[in-house]
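Next come the chains, spelled out residue by residue.
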Amino acid sequence: MFKDEVQEKDIERFYKYVDKRADDECWEWQGTLDYHGYGVYSLKRVLYKAHRASLFFSGNDVPSHLHCCHTCDNPRCVNPNHLWMGTVQDNMRDRQNKGRTRTGHLHGEDNTGAKLTEEAVLFIRANYDGKEYSQTKLAKMFGVCKTNIRNVLNRKSWKHI
């Protein structure tokens, strides 16, 4: 983004997508969101993260080698008072200091890729008998492959239950 290319109409268009509130509150982006829940803003046919654009439009330097971080930890927030520039390490340190760091892999339903629920796993383990509830039948019931069922039964997956 270059300041001499940005026009007042670009800034006005940006703020049409912002639910602007008090200076100490989150200003949530109402436009398009990316896969991770961060706002996306298009300026001259280039997509930018909305929080980076907000910092830029408020007169701050936004170097491309730095991350735009949130003090509020709200990915939709574009309030420049809640944003700061930092390295990847700064952002990771901030996350750790706030107790938001998870160690290891996400388990069970915390894993967004999980195809089974805890309730389904308990049902599978309680009802598998090889006859009425075979691995094939259970796989069809829950829309997964037999390998998933076998891993649940052998506790290679969903170990924590």
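Here, the structure is the one placed above.
Notes on the structure in this doc start here. For clarity, every value in this text was computed on a predicted model and none was experimentally measured. (Residues numbered from 1 in each chain as written. Predicted model: local features only at pLDDT ≥ 70, side-chain atom pairs only at ≥ 80, totals over all residues. Heavy atoms only, no water.)

### Details of the overall build of the chain
- Within the chain, the secondary structure is distributed over six helices and six strands.
- N-terminal to C-terminal, the α/β element order of the chain is α-β-β-β-β-α-β-β-α-α-α-α.
- Here the C-alpha atoms of the chain give a radius of gyration of 23 Å, more than 25% beyond the 15 Å that 2.2 N^0.38 yields for 161 residues.
- When the accessible surface of the chain is split by element, carbon and sulfur atoms take 47% of a total near 10,800 Å².
- In the chain, 26 positive and 21 negative side-chain charges are present, and the distance between their average locations comes to 11 Å. (Helix = DSSP H or I, 4+ residues; strand = E, 2+ residues; numbered from the N terminus. Rg over C-alpha atoms; globule rule 2.2 N^0.38 Å. Areas by Shrake-Rupley, 256 points an atom, 1.4 Å probe, with all protein chains shown as cover. Lys, Arg positive; Asp, Glu negative; His and termini not counted. Charge placed at Lys NZ, Arg CZ, Asp CG, Glu CD.)

### Regarding the pattern of salt bridges
- With the rule as written, the count across this model stands at seven salt bridges.
- K49 serves as the salt-bridge partner of D34, at 2.3 Å between the closest nitrogen and oxygen. Of this pair, D34 sits in the loop between β2 (28-29) and β3 (40-43) while K49 sits in strand β4 (residues 46-49); the two residues are 15 residues apart in sequence, bridging distant segments of the chain.
- You can call K49 partly exposed: its relative accessible area is 31%.
- With a shortest N-O distance of 3.1 Å, R93 and D90 are connected by a salt bridge. (Salt bridge = Lys/Arg side-chain N within 4 Å of Asp/Glu carboxyl O. Buried < 20%, exposed > 50% of the residue type's maximum accessible area, 1.4 Å probe, protein only.)

### Structural notes on the pairing of β4
- Sheet analysis places β3 next to β4, joined by four bridges and oriented antiparallel. Bridging from a neighbouring strand, V40 pairs with K49 of β4.
- Linking β3 to β4, which pair antiparallel, is a turn of two residues; within it K44 sits at a positive phi near 55 degrees. (Pairing = 2+ DSSP bridges.)

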